[in-house]
Amino acid sequence: MERTPNSLKEFDIPFSGLKVGLHEYEYTIKQAFFDSLESNVVDESDLHLIVQLEKQENLLTLFFEANGTITGACGRCTQPVDVNIAFKERLFVKFGEENFETEEIVTLPEHAHSINIAEILLELITVHVPIVIVHEDEDDCDPTYLEYLTGESEEEQTEEEESDPRWEALKKLKND
Ligand SMILES: [Zn+2]
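I will try to describe carefully the structure that is included in this document. (Residues numbered from 1 in each chain as written. Predicted model: local features only at pLDDT ≥ 70, side-chain atom pairs only at ≥ 80, totals over all residues.)

## Brief notes about the sheet that holds strand 3 (residues 44–55)
If you walk across this open sheet you meet the five strands as 2-3-4-5-6, and the pairing is mixed. The open sheet has two free edges, formed respectively by strand 2 (21–30) and strand 6 (105–108), since each of these has just one partner strand. Taken over all neighbouring pairs, the strand axes of this sheet differ in orientation by 20° on average, direction set aside. Bridge analysis of strand 3 against strand 4 (residues 60–73) gives 12 bridges, and the strand direction is antiparallel. Bridge pairing in strand 4 places Val 51 opposite Phe 64. Along the sheet face, helix 2 (residues 118–128) touches strand 2, strand 3, strand 4 and strand 5 (80–95) and points at about 135° away from the line of strand 5. (Pairing = 2+ DSSP bridges. Helix = DSSP H or I, 4+ residues; strand = E, 2+ residues; numbered from the N terminus. Axes fitted to C-alpha atoms, helices over the stretch in contact; angles between N-to-C directions. Contact = placed C-beta atoms within 7 Å.)

## Re the nonpolar core
Within the largest apolar cluster, 19 residues are counted, with the highest numbers of intra-cluster contacts made by Leu 47, Leu 49, Ile 117, Leu 121 and Ile 125. Those elements that place two or more of their residues in this core are helix 1 (31–36), strand 3, strand 4, strand 5 and helix 2. Here Ile 125 is in contact with Ile 29, Leu 47 and Ala 66, once residues within four sequence places are set aside. (Core = buried A, V, L, I, M, F, W, Y, C linked by C-beta atoms within 7 Å. Buried ≥ 20, exposed ≤ 12 C-beta atoms within 10 Å, placed from the backbone.)

## Comments concerning the pairing of strand 5
With 14 bridges connecting them, strand 4 and strand 5 associate as antiparallel partners. Among the inter-strand pairings, Glu 65 is bridged to a residue of strand 5, identified as Lys 88. Linking strand 4 to strand 5, which pair antiparallel, is a turn of six residues; within it Thr 78 sits at a positive phi near 65°. As paired elements, strand 5 and strand 6 share four bridges and run parallel to each other. The residue of strand 6 that forms the bridge with Val 93 is Val 106.

Limitation: the analysis is restricted to geometry and does not speak to function.
Here it is, written out as structure tokens:
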């Protein structure tokens, strides 16, 4: 496993000393979390996470429950949009040499005694962030930026069509 930055040490769960049963952990996920993992999936974050670890003899099960908001740039006007995030997920942790990993299962080495869940959390949050973030109501978009963006893109397109020699050649070909 890769080295964990100090800022992500709080996501270490040393499970070997835990009793069989349920154990609960709470995290507040701010932007610094994403920065530490060099992720730019969101611009701001205020997420509350409850992680429950169920320890059995040869299996760990992690239950995740997230609630809160993230902020991203609107795809139409580039201004910030808050998005509510709420999800529940479950992940099985198995032990052994085989690298049998799916979306629901991670494998740790036989003698592992702790797991750092930072990367797992990042992955879970990332899949729950909408691919396209936009103001739900177009009227909420900032008109200044909207006009600016639309104006620019139209201009760019025309310019491209006019100046691209391949386009000219194609047009000529069609006309002949
Ligand atoms: Zn917008």
